[in-house]
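The chain contents come next:
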Amino acid sequence: MAALKQNDNARLIERLPKVRGRYAEAAPLSKVTWFRVGGPADILFKPADLEDLQNFLRNRPTDIPVTVIGVGSNLLVRDGGVRGVVIKMGGDFARITVDGDVVTAGAAALDLNVAKTAAKEGRAGLEFLSGIPGTIGGALRMNAGAYGAETKDVLETAFALDPSGEMHELSAADMGFSYRKSSIPADWIFVKASFRTQHGDKDQILTRMEEIQKSRSESQPIRSQTGGSTFKNPEGHKSWQLIDDAGCRGLMVGGAQMSEMHCNFMINTGNATAADLEGLGEEVRTRVKAKSGVELQWEIKRIGEASQ
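Residues numbered from 1 in each chain as written. Predicted model: local features only at pLDDT ≥ 70, side-chain atom pairs only at ≥ 80, totals over all residues. Heavy atoms only, no water.

Going by the annotation in an unreviewed UniProt entry, the name recorded for the chain is UDP-N-acetylenolpyruvoylglucosamine reductase, with Aestuariispira insulae given as the source organism. Reading the Cofactor (unreviewed entry) entry of the UniProt record for the chain gives the comment "FAD". Per UniProt, the comment on the chain under Catalytic activity (unreviewed entry) is "UDP-N-acetyl-alpha-D-muramate + NADP(+) = UDP-N-acetyl-3-O-(1-carboxyvinyl)-alpha-D-glucosamine + NADPH + H(+)". (UniProt positions renumbered as here; feature names shortened; annotations may be inferred.)

Given below as structure tokens:
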């Protein structure tokens, strides 16, 4: 299904509750994803604050689909766009505070900024977040991890809204964390989280973060239009090694390419479509399965509909 026509959009927006934040019709999502591809959202909603988001959830028509996105660092939006309402949090949801050994961050806070804030206060344990290009909401959803640590190792409490706008307080045990996933329902929306830290030497913390940043820049195509790791590491394997062994390093489909630098990263070489990128990923999965018998699982989140 293609994006709604303007008169259909008008009917859709008229059915939505009044909010203090902003609605945008036929909003191009390619501008907010790192791949720089994909079709529009029928409606893009940027809530003013938690109360505004709760009001929207409590009063929205339940037949209208709702999708939440972060900074689009690990997201592929298909060329036909996303039906219904896409929620993108910012502002009030990006606040970070430090109280003793607890760092609290909104779901829209960048992982890197959380690590930096903790470091400035001499709080250790969150350095690994500086190597994850996303937001706290995404880290909670997928148990994001890098450089020897994962979200589950440091989470104290997560706060999420269910589809009716009711707040739920979740411990790390409640989250049902496993490798790159949590068991929280997909239609719950994370709004903030608190993390345990330890006192540490500020200079040593900053040095570790610099080492992580240097490692990323030397081993990953971070200056390209990419979406981070494309596939999860299968148990007992490294995805990049399986991809390399299957002859897929540098493989191209249209304007999409498996990076020569790190072959578990897809990149948009400049004119790729979402279909190119997804098609490339599926071709890699096919070749890896044929070569090794291992079936790779997508780590990049794919949303929306294909172009008609």
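The subject of this paragraph is the domain arrangement of the chain. In many reports, interface size means the accessible area that the parts give up when they come together. Along its sequence, the chain is organised into domain 1 (12-91), domain 2 (93-219) and domain 3 (225-303). If you average the C-alpha positions of domain 2 and of domain 3, the two centres end up 26 Å apart. Taken residue by residue, the interface counts 6 residues in domain 2 and 5 residues in domain 3. Carbon and sulfur atoms supply 53% of the area that domain 2 and domain 3 bury against each other, a total of about 490 Å² over both sides. (Domains from an automatic or database assignment. Contact = heavy atoms within 4.5 Å. Buried area = accessible area lost by both parts, 1.4 Å probe.)

In this section: the sheet that holds strand 6 (residues 96-99). Taking strand neighbours across the sheet as the criterion, the 5 strands line up as 6-7-13-11-12 in an open arrangement whose pairing is antiparallel. Edge positions in the sheet fall to strand 6 and strand 12 (167-171), since each has one partner strand and no second. Strand-to-strand twist in this sheet, taken as the mean axis angle between neighbours without regard to direction, amounts to 15 degrees. Inspection of the sheet shows strand 11 (residues 155-161) paired to strand 12 by 5 bridges, in the antiparallel sense. Counterpart to Leu161 in the pairing with strand 12 is Met167. (Pairing = 2+ DSSP bridges. Helix = DSSP H or I, 4+ residues; strand = E, 2+ residues; numbered from the N terminus. Axes fitted to C-alpha atoms, helices over the stretch in contact; angles between N-to-C directions.)

Of all hydrophobic cores here, the largest spans 32 residues; its most connected members are Ile136 and Met175. Among the elements of the structure, strand 7 (102-106), helix 3 (111-120), helix 4 (136-142), strand 11, strand 13 (189-196) and helix 5 (202-219) are those that each provide at least two residues to this core. Looking at this core element by element, the count peaks at 4 residues for helix 3. Not counting chain neighbours up to four residues away, the residues in contact with Met175 comprise Leu140, Leu155, Ala158, Leu170, Ser182, Ser183, Ile184 and Phe190. Ala246, Leu251, Cys263 and Ala274 belong to the second largest nonpolar core, which has 23 residues in total. (Core = buried A, V, L, I, M, F, W, Y, C linked by side-chain atoms within 4.5 Å. Buried < 20%, exposed > 50% of the residue type's maximum accessible area, 1.4 Å probe, protein only.)

With that out of the way, let us pick up the UniProt feature "active site" (unreviewed entry) in the chain. As annotated in UniProt, the feature "active site" (unreviewed entry) corresponds to Arg180, Ser229 and Glu299 in the numbering used here. Spatially, the listed residues are clustered: although they cover 120 residues, their C-alpha atoms lie within 11.3 Å of one another. With respect to the helices and strands, Ser229 occurs in strand 15 (residues 225-229). Those residues within four positions of Ser229 in sequence are excluded, and the remaining contacts are Asn74, Asn264, Phe265, Glu299 and Ile300. When you line up the elements, Glu299 lands in the loop between helix 7 (274-292) and strand 19 (301-303). In this structure, Glu299 is in contact with Asn74, Met142, Tyr179, Arg180, Ser229, Thr230, Phe231 and Lys232, ignoring residues within four places of it in sequence.

As a further point, take the state of the cysteines. Counted according to the given criterion, the structure contains 0 disulfides. Here Cys248 is not disulfide-linked; the sulfur of Cys263 is the nearest cysteine sulfur, at 8.2 Å. (Disulfide = S-S within 2.5 Å.)

With that settled, consider the confidence of the model for the chain. On average, residues of the chain score 94 in pLDDT, and 97% of them reach the 70 mark or higher. Between residues 1-7, whose pLDDT stays under 50, and residues either more than four places distant or in other chains, the model counts 16 contacts. (pLDDT = per-residue confidence, 0-100.)

Let's shift gears to helix 2 (residues 50-59). Of all the residues in helix 2, the buried ones are Asp52, Leu53, Gln54, Phe56 and Leu57. The opening residue of helix 2, the one whose side-chain oxygen lies 3.3 Å from the backbone nitrogen of Glu51, is Asp49. (Polar contact = N/O pair within 3.5 Å; in protein donor to acceptor, adjacent residues only side chain to side chain.)

Counted under the stated rule, the structure contains 4 aromatic pairs. On the basis of an interplanar angle of 55 degrees and a centroid distance of 5.2 Å, the ring pair of Phe231 and Trp298 is categorised as tilted. Taken as a pair, Phe231 in the loop between strand 15 and helix 6 (239-245) and Trp298 in the loop between helix 7 and strand 19 lie far apart in primary sequence, 67 residues in all. In this structure, Phe231 and Trp298 share a single accessibility class: buried. Aromatic rings pair up to connect Tyr23, Phe45 and Phe56 into one cluster. Seen from the ring of Phe159, Lys192 lies directly overhead, with NZ or CZ sitting 4.9 Å from the centre. (Phe/Tyr/Trp six-rings, centres within 6.5 Å; stacked < 30°, edge-to-face > 60°. Lys NZ or Arg CZ within 6 Å of the ring centre and 35° of its normal.)

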